[in-house]
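Chain residues, written in single-letter form:
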Amino acid sequence: MKIILFSLVVVVVAANALEEDEILRQWTNFQTTFGKSYRSPVEARKRFSIFKSNLEFIEAHNELYRNGKTTFTMGTNEYADWSDSEFKHYLKSGLLNSTRKAGEIFAKNSAFVAPESVDWRKEGVVTPVKNQKSCGGCWAFSSTGAIEGQYAIKNKQLKSLSEQQLIDCSKNGNNDGCNGGLMTSAFEYVEKNGIDSEDDYPYLEVDGICRSKEFTPVTKLSGYVQIPSEDEDALTEAIATKGPISVGVDASTMAFNFYRSGIYTGPCSSIDLDHAILAVGFGSENGKNYYIVKNSWGSSWGEEGYIRIPRNSGNKCGIATDACYPKL
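Residues numbered from 1 in each chain as written. Predicted model: local features only at pLDDT ≥ 70, side-chain atom pairs only at ≥ 80, totals over all residues. Heavy atoms only, no water.

Draft legend 1. View of the overall build of the protein chain. Of regular secondary structure, the protein chain possesses nine helices and 10 strands. Against the 2.2 N^0.38 benchmark of 20 Å for 328 residues, the protein chain shows a C-alpha radius of gyration of 20 Å, consistent with a compact globule. The buried share of the protein chain, taken over its 328 residues, is 54%. Nonlocal contacts in the protein chain, meaning residues at least 24 apart in sequence, comprise 76% of its contacts between residues at least 6 apart. Looking at the protein chain as shown, the accessible area adds up to about 14900 Å², and 50% of this sits on carbon and sulfur atoms. Distance from the positive charge centre (35 side chains) to the negative charge centre (41 side chains) of the protein chain: 1 Å. (Helix = DSSP H or I, 4+ residues; strand = E, 2+ residues; numbered from the N terminus. Rg over C-alpha atoms; globule rule 2.2 N^0.38 Å. Buried < 20%, exposed > 50% of the residue type's maximum accessible area, 1.4 Å probe, protein only. Contact = heavy atoms within 4.5 Å. Areas by Shrake-Rupley, 256 points an atom, 1.4 Å probe, with all protein chains shown as cover. Lys, Arg positive; Asp, Glu negative; His and termini not counted. Charge placed at Lys NZ, Arg CZ, Asp CG, Glu CD.)

Draft legend 2. Highlighting helix α4 (residues 84-92). All buried positions along α4 are accounted for by Phe87, Tyr90 and Leu91. Buried residues along α4 cover an arc of 95° about the axis, so they all sit on one side. Exposed side of α4, more than 90 degrees from the buried face: Ser85, His89 and Lys92 are the residues found there. Buried residues belonging to α4 abut α9 (254-257) and β7 (275-285). (Arc of directions from axis to C-beta.)

Draft legend 3. Region of interest: the pattern of salt bridges. The final tally for this structure, using the stated rule, is 20 salt bridges. Where Arg25 meets Glu22, a salt bridge forms, and the shortest distance between an N and an O atom there is 2.9 Å. Of this pair, Arg25 and Glu22 both sit in helix α2 (residues 20-34), three residues apart, roughly one helical turn. In this structure, Lys130 engages Glu198 in a salt bridge whose closest nitrogen and oxygen atoms are separated by 2.9 Å. Residue Lys130 is located in the loop between β3 (118-119) and α5 (138-155), and its partner Glu198 is located in the loop between α7 (183-193) and β4 (223-226); the two are separated by 68 residues in the primary sequence. Connected through shared salt-bridge partners, Arg39, Glu43, Arg47 and Glu86 make up one network. (Salt bridge = Lys/Arg side-chain N within 4 Å of Asp/Glu carboxyl O.)

Draft legend 4. Just unusual backbone geometry, in detail. The backbone of Glu205 shows a phi angle near 75°, a positive value even though the residue is not glycine. Assignment of secondary structure puts Glu205 in the loop between α7 and β4. With phi around 50°, Asn286 is a residue other than glycine that occupies positive phi space. Considering the arrangement of structural elements, one finds Asn286 in the loop between β7 and β8 (288-294). A relative accessible area of 75% means that Asn286 is categorised as exposed.

Draft legend 5. Fine view of the pairing of strand β9 (residues 306-310). With respect to burial, β9 is a largely interior element, five of its five residues being buried. Burial along β9 is two-sided: Tyr306, Arg308 and Pro310 facing one way and Ile307 and Ile309 facing the other are all buried. With five bridges joining them, β8 and β9 adopt antiparallel strand pairing. When the bridges of β9 are listed, Ile292 appears paired with Arg308. (Pairing = 2+ DSSP bridges.)

Draft legend 6. Examining the packing of α5 against α7 more closely. Between α5 and α7, the shortest axis-to-axis distance is 9 Å and the interhelical angle comes to 55°. Judged on the interaxial angle alone, α7 and α5 are oblique. α5 and α7 meet at a crossing whose hand is right-handed. Residue-level inspection shows Trp139, Ser142, Ser143, Ala146 and Ile147 of α5 in contact with α7, the latter providing Met183, Ala186, Phe187 and Val190. Residue composition of the contact of α5 with α7, grouped by class: seven nonpolar, two polar and no charged. (Axes fitted to C-alpha atoms, helices over the stretch in contact; angles between N-to-C directions. Parallel < 35°, antiparallel > 145°, perpendicular 65-115°, else oblique. Left-handed = near helix turned anticlockwise from the far one by under 90°. Nonpolar A, V, L, I, M, F, W, Y, C, P; charged D, E, K, R; others polar.)

Draft legend 7. Structural detail: the pairing of β7. Across the 11 residues that make up β7, a large majority, nine, are buried. Both β3 and β7 contribute to a ladder of two bridges, which runs antiparallel. By the bridge assignment, Asp119 is partnered in β7 with Gly281. Of the pairings in the sheet, the one linking strand β5 (residues 245-249) to β7 comprises five bridges and is antiparallel in character. The residue bridging Ser246 from the neighbouring strand is Leu278, located in β7.

Draft legend 8. Region of interest: the side chain of Thr70. Within the element layout of this structure, Thr70 appears in the loop between α3 (41-66) and β1 (72-74). Among residues more than four places away in sequence, those in contact with Thr70 are His61, Leu64, Tyr65 and Thr265.

So this is what it looks like as structure tokens:
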């Protein structure tokens, strides 16, 4: 009860600390930065009201951070004029909860000792952060990220691969374009058909007609490997020894939506997964272990498009619940 009362006091103080002039200044800057425009004055007023509420929520949380009560900060991003319910609806069309086919299972090495840190970005096998925008294609971005990593490790060449091809063409039972999909189903499609480059088949943010036959695939797959569910030791070993790993998480909370920096310790489920992202490494800070995870919400979100999720902390946000990687 004391914690709840303290949080309420912080919210009131933070809200009062945000003067109207400052809110308007940030609102103007937000619209300019992200090219926001609205259909009518009514819509603009609605979006301003949501933005103001979100800004006050963010400021209340950051006051907790300044007082050493939490390990991460929040900040506005291009989704700051979305309501919580709108974001939850958006995430529902991302990572689907369909039945997964049983693929090859990752076999742990009993002699493996995890290094202090791994960061595949430093090895040149991770493409710049992308932005899925209004399309629920997180599963496609997670899939291409994992394939890009395997391709770069094998061929010593980093190529950006086509999410749009997966959205348009891999509607093979579990995948439904911008309405959601699964990484394993995407891998099965690429195993049979190959995947084109981003340059040849660029991202359009909408479902389209499949055009894959117009281009020569960059690569095909020979299969995929699933990490034993909820086994963080296996996930850590796979990241260290195999490369970037596709993972699912629960991203449905406002704290996750407005994550800015630090090790994320906000609320989330380890079972109800709704968003696909890409684990590209791990490390520690002040004795706290974390995974380095690439998102697909643009570089304005998080730590230039990345989030650090606790490692060996009870499968935080379900990061080890549904993890997999492709085989070239």
